[in-house]
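Spelled out, the chains give:
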Amino acid sequence: MLVNNLKELKKYFREYRFIRNTLNNYLLYEKNHGLNEQDRSVLDKISDEFLQKSKEVNLFIESITDIYIKQLFCMRYLSGYTWVK
């Protein structure tokens, strides 16, 4: 049971990082080149998805009782640090 939960959690956080990175790429492109109407709608959709996932990730991290583990999750998933860093 725990292994399946961990696999689901890993998949969920991978999706979260993908959405965050995609959003950052769109924002960088917008800053340098501007966006057309279609790109703007994609950016808005990704932003909405990211906000939803962020809320869910924050709720999960807040539910962690071990301070050390909570810090690790914050640094890895909210701040974007690598596991090595």
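The structure displayed is predicted, hence computed values, not measured ones.

A. Molecular detail of helix α3 (residues 67-78). In this model α3 runs 15 Å from its N-terminal to its C-terminal C-alpha over 12 residues, within 8% of the 16 Å that 1.5 Å per residue would give. If you check which residues of α3 are buried, you get Lys70, Phe73, Arg76 and Tyr77. Looking down the long axis of α3, one finds its buried residues gathered within 140 degrees of arc, a one-sided arrangement. For α3, the exposed residues set more than 90 degrees away from the buried face come down to Ile67 and Tyr68. By the N-cap criterion, in which a side-chain oxygen at the helix start approaches the backbone nitrogen of a residue two or three places on, α3 is capped by Asp66, the distance to Tyr68 being 2.9 Å.

B. Summary view of the pattern of salt bridges. Applying the stated criterion to the full structure yields 1 salt bridge. The partner of Glu15 in a salt bridge is Lys53, and the shortest N-O contact between them spans 3.0 Å. You can see Glu15 sitting in helix α1 (residues 2-33) and its partner Lys53 sitting in helix α2 (residues 37-63), a full 38 residues away along the chain. Since its relative accessible area comes to 14%, Lys53 is described here as buried.

C. Molecular detail of the environment of Lys45. Among the secondary structure elements, Lys45 is positioned in helix α2. A sequence separation of 22 residues divides Lys45 from Leu23, and the C-alpha atoms of the two residues are 9.6 Å apart.

D. Inspection of the confidence of the model for the protein chain at higher detail. Here the protein chain averages 80 in pLDDT, and 93% of its residues register 70 or above. When the elements of the protein chain are averaged for pLDDT, α1 gives the smallest value, 78, and α3 the largest, 85.

The rules we used
- Residues numbered from 1 in each chain as written.
- Predicted model: local features only at pLDDT ≥ 70, side-chain atom pairs only at ≥ 80, totals over all residues.
- Heavy atoms only, no water.
- Helix = DSSP H or I, 4+ residues; strand = E, 2+ residues; numbered from the N terminus.
- Expected span 1.5 Å × (residues − 1).
- Buried < 20%, exposed > 50% of the residue type's maximum accessible area, 1.4 Å probe, protein only.
- Arc of directions from axis to C-beta.
- Polar contact = N/O pair within 3.5 Å; in protein donor to acceptor, adjacent residues only side chain to side chain.
- Salt bridge = Lys/Arg side-chain N within 4 Å of Asp/Glu carboxyl O.
- pLDDT = per-residue confidence, 0-100.

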